[in-house]
Amino acid sequence: MDVLFCTSEAFPLIKTGGLGDVCGSLPGALHELGNDVRLVLPAYPQVIERAAKLETIASLVLSGASAPVKMLRGQFPGSEATLYLVDSAEHFRRPGNPYLQQDGSDWPDNAQRFALFARAIVALALGQADTGWIPQLVHCNDWQTGLAAPLLALEDDRPATLFTIHNLAYQGLFSRTQFQALDLPPQWWSMNGLEFHDQMSFIKGGLIFSDWTTTVSPTYAREIQTAEFGCGLEGLLKQHSARLTGILNGVDYQVWNPGRDRLIPHPYTARTLRLKQENKMALQDAFGLPVKPEVPLFGHVGRLVEQKGLDLIMELVPQLVQRRLQLVFLGTGQPQLEQDLRQAHGRHPTKFGVRIAYDEQLAHLIEAGSDAFLMPSRFEPCGLNQLYSLRYGTPPIVRRTGGLADSVVDADGPNLYARKATGFVFDDAEPAQLLRAIDRALNLYAQQRVWKDLVATAMHQDFSWTRSANAYLELYQRVLEAPRTGRDGLHRNPSPDVAEILA
Ligand code: ADP
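Here is a short report on the structure shown in this document. (Residues numbered from 1 in each chain as written. Predicted model: local features only at pLDDT ≥ 70, side-chain atom pairs only at ≥ 80, totals over all residues. Heavy atoms only, no water.)

**Some details on the environment of L124**
In plain terms, the rule: Working definition: helices are DSSP H or I runs of at least four residues, strands are E runs of at least two. Numbering for both runs from the N terminus. Between buried and exposed lies partly exposed: a residue is buried under 20% and exposed over 50% of the maximum accessible area for its type, with that area taken using a 1.4 Å probe on protein chains only. Every residue pair with non-hydrogen atoms within 4.5 Å of one another is taken to be in contact.
In this fold, L124 is placed in helix 4 (residues 110–125). Judged by its relative accessible area of 0%, L124 is buried. Separated by 120 residues in the primary sequence, L124 and L4 have C-alpha atoms spaced 8.2 Å apart. Beyond its immediate sequence surroundings of up to four residues, L124 is in contact with L4, V40, M71, Y84, A129, D130, W133 and P135.

**Remarks on the sheet that holds strand 8 (residues 173–174)**
Hydrogen bonds along the backbone pair up the strands of a sheet, which may run parallel or antiparallel. Defined as follows: Paired strands, in this sense, are two strands between which DSSP finds at least two bridges. Here the axes come from fitting lines to C-alpha atoms, over the contacting stretch only for helices, and the angles between their N-to-C directions go from 0 to 180 degrees.
One open sheet holds the 3 strands; their spatial order is 8-10-9, and the pairing between them is antiparallel. Because the sheet does not close on itself, it has two edges, and the strands there are strand 8 and strand 9 (195–196). Along the sheet, helix 7 (residues 202–209) makes contact with strand 8, strand 9 and strand 10 (199–201), crossing strand 10 at roughly 50°.

**Brief notes about the environment of Q101**
Along the chain, Q101 falls in the loop between helix 3 (89–92) and helix 4. Accessibility expressed as a relative area gives 27% for Q101, which makes it partly exposed. With residues up to four places along the chain from it excluded, the contact list for Q101 reads D106, W107 and P108.

**Some points on the site of the ligand**
Defined as follows: Whether a residue is near a molecule or strand depends on its heavy atoms: if one lies within 4 Å, it is near. For the purposes of these results, a polar contact is taken to be a pair of N or O atoms within 3.5 Å, where, inside protein, one atom must be able to donate a hydrogen and its partner to accept one; residues adjacent in sequence count only when each atom of the pair is a side-chain atom. In this description, accessible areas are obtained by the Shrake-Rupley approach with a 1.4 Å probe, and a residue is regarded as covered only by the protein chains that are shown. Three classes are used, and their members are as follows: Ala, Val, Leu, Ile, Met, Phe, Trp, Tyr, Cys and Pro are nonpolar, Asp, Glu, Lys and Arg are charged, and the others, Gly among them, are polar.
Taken together, 20 residues lie around the ligand, and G18, D21, R303, K308 and A357 are the ones closest in. The contact in question runs from an oxygen atom of the ligand to an N or O atom on the side chain of D21, over 2.6 Å. Separating an oxygen atom of the ligand from a side-chain N or O atom of N385 is a distance of 3.2 Å. Alone, the ligand offers 560 Å² of accessible surface; in the complex the protein occludes 94% of this. Counting only elements with at least two residues in the shell around the ligand, the list comes to helix 1 (18–32), strand 14 (326–331), helix 14 (360–369) and helix 15 (385–391). Along the lines of polarity and charge, the residues of the shell around the ligand split into 8 nonpolar, 6 polar and 6 charged.

**Here's the deal with the packing of helix 1 against helix 20 (residues 465–481)**
Between two packed helices, both the angle of their axes relative to each other and the distance between the axes serve to describe the pair. Put simply, the test is: Each angle gets one of four labels, with under 35 degrees taken as roughly parallel, over 145 as roughly antiparallel, 65 to 115 as roughly perpendicular, and the rest as oblique.
The interhelical angle for the contact between helix 1 and helix 20, taken along N-to-C directions, is 70°, at an axis separation of 9 Å. The angle between helix 1 and helix 20 places the two elements in the roughly perpendicular class. Listed contacts from helix 20 to V22, S25, L26, A29 and L30 of helix 1 are W465, A469, Y472, L473 and Y476.

**A short note on the pairing of strand 14**
Operational definition: The handedness of a crossover follows from its direction of travel: if, with the strands pointing away from the viewer, the path from the first strand over the helix to the second runs clockwise, the crossover is right-handed.
Of all the 6 residues making up strand 14, 6 are buried; the element is thus mostly covered by neighbouring parts of the structure. Burial along strand 14 is two-sided: the face carrying Q326, V328 and L330 and the face carrying L327, F329 and G331 are both buried. By the bridge criterion, 5 bridges tie strand 14 to strand 15 (residues 352–356) in an arrangement that is parallel. Paired with L327 across the bridge in strand 15 is F352. The parallel pair strand 14 and strand 15 is bridged by helix 13 (residues 335–347), and the resulting crossover is right-handed.

**Overview of the packing of aromatic side chains**
Rule in force here: Here the aromatic set is Phe, Tyr and Trp, taking the six-membered ring for Trp, and pairing holds for ring centres within 6.5 Å; pairs whose planes are under 30 degrees apart are stacked, those over 60 apart are edge-to-face, and all others are tilted.
Under the counting rule described, the total for this entry stands at 17 aromatic pairs. On the basis of an interplanar angle of 50° and a centroid distance of 5.1 Å, the ring pair of F179 and W189 is categorised as tilted. Here F179, found in helix 6 (residues 176–181), pairs with W189, found in the loop between helix 6 and strand 9; they are 10 residues apart in sequence, far enough to count as distant. The class of F179 is buried, set by a relative accessible area of 4%. With 6.5 Å between their ring centres and 75° between their planes, Y268 and Y392 make a pair best called edge-to-face. Pair noted here: Y268 is in the loop between strand 12 (244–246) and helix 10 (274–286) and Y392 is in the loop between helix 15 and strand 17 (396–399), with a separation of 124 residues, a long-range link. For Y268, a relative accessible area of 1% translates into the label buried.

**A look at helix 14**
Along helix 14, 8 of the 10 residues are buried, which leaves the element largely enclosed by surrounding structure. Taken as a whole, helix 14 has its buried residues at L362, A363, H364, L365, I366, E367, A368 and G369. On its buried face, helix 14 sits against helix 10, strand 13 (297–301), strand 14, strand 15, strand 16 (372–375) and helix 15.

**A look at a negative patch on the surface**
Which entries qualify depends on this criterion: Candidates for patches are residues over 30% relative accessible area with no salt bridge; among them, like charges are joined within 9 Å and nonpolar side chains (Val, Leu, Ile, Met, Phe, Trp, Tyr) within 5 Å. The term salt bridge refers to a side-chain nitrogen of Lys or Arg lying within 4 Å of a carboxyl oxygen of Asp or Glu. Charged residues are defined narrowly, with Lys and Arg counted positive, Asp and Glu counted negative, and His plus the chain ends left uncounted. Taken as the charge location is NZ of Lys, CZ of Arg, CG of Asp or CD of Glu.
On the surface, E228, E315, D428 and E430 cluster together into a negatively charged patch. Within the fold, D428 resides in the loop between strand 18 (424–426) and helix 18 (431–446). Its relative accessible area of 37% is what places D428 among the partly exposed residues.

**As for the state of the cysteines**
Quick note on the threshold: By definition, disulfides here are pairs of cysteine sulfur atoms that lie within 2.5 Å.
Throughout the structure, instances matching the rule amount to 0 disulfides. C6 provides the cysteine sulfur closest to C23, a residue in no disulfide bond, and the two sulfurs are 9.7 Å apart. Judged by relative accessible area, which is 0%, C23 ranks as buried.

**Here we look at the environment of P135**
Structurally, P135 can be placed in the loop between helix 4 and strand 6 (137–141). The exposure class of P135 is buried, given its relative accessible area of 3%.

**Digging into the pattern of salt bridges**
Counted by the stated rule, this structure contains 19 salt bridges. K15 is the salt-bridge partner of D21, the closest N and O atoms lying 2.9 Å from each other. The two residues D21 and K15 agree in class, both being buried. We note a salt bridge from R38 to D130, for which the minimum N-O separation is 3.5 Å. Taken together, the residues R38 in strand 2 (residues 36–42) and D130 in the loop between helix 4 and strand 6 connect sequence positions 92 residues apart. A relative accessible area of 13% means that R38 is categorised as buried. We classify D130 as buried; its relative accessible area is 8%. Ionic contacts of the salt-bridge type, sharing partners, join the residues D36, R38, E55, R73 and D130 into one network.

In short, shape yes, function no, at least from these values alone.
See the structure below:
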């Protein structure tokens, strides 16, 4: 199958979170299954630096660019897959984060930047940028690619389109003035188009105009059709539920494999778990904590945002410091949460290790050296860190939501007895419930024989990409056979009027 895979980040070229991990490994897995899957990304400076064999194949005149936009073609690092880069200096050649300025605020021209990206995707999809190659299907990811499907829907002869939501909370919302400046069809300013509470929503474009929508776990696919998780789009998603599928992400076990991980000092397997203890001591040392292998150590890596439930942990500081345990945190994000963590470390330096940074190597050491991984997310589309934790024998403590619910089996009595348990699951985003889960973990940790069984079961779980990639392939086939979305955003046999549902 010929697929154009469109994303604003892909590890190892550029990554700010899970989107980068997924888009860095899924295309490769599809490629290995014999498909011609080609990636397209904006040509950020760090991407140009890391991509291989780049050549200019076209110069495109696109609305929104004051100079011709170069289409570069090369190879995705570590794979045979073709990589396209949309090279427009005024839009993408700037240092740092792809979405944020140095001070943490959005780049003011993000609407223009990602509208231009969408126009370049359309040129590729229609065979205008790399003549001789026309994909059968265009797979877009998250709001940054949200305008590609609407623009393609204007074409009579076009590839099928599929849109994946990695996180519905990030929608790409912009003002009406910005909408007007983008030279888009004026009729899109309506509730059957891109308008969302008097703003322009890129993600809504992807949801309404693509032929199919997916999200990154079956549970999240159900959750986003409810008011609690739908971010105001639950009505629309419910309306589209016959064309909404949840496919759990996979893990790139080349990168996240404790047996061959070059980023940790002591690689280990389920058979050499004593080496995990060595990593634990290295981790305690790295965070300036007392090096005591017998003290339970819980780790956390992630963006410090409300979604991740870090505030639940912060509320428990008084109770946690009374217990015999240590905690390490790695992340960057909301200033308040960063400050809370620094404060916890300041007050309890022998219990709390804190690093406010983005550090790939330290993330691996935390997975390897911690005894358990804290991930009490309020919502979690899929979540990758709990999947990494399982492979690293670091049972995750998670809330029963989204991909966490789909990947972690609670260590209750029957599951432990059946050797199915892989972690600790609690239901509501309440500090008391989280504390109970932490206490259950501590109790089990004290029974080392049972704990070792839990660790072994966790390490043997298989969340490799092959399974997920096959699910995507089956879906691609279905999408190719399904009726295409019309230029008005409607399907051939729409059930109740979209407008009615949206109202
Ligand atoms: P999300 O996509 O919501 O950020 P995921 O769990 O799906 O959450 O993926 C997060 C990815 O980003 C993981 O690979 C994680 O290790 C990485 N990550 C997040 N914050 C940091 C950090 N501060 N340092 C290193 N890696 C990080």
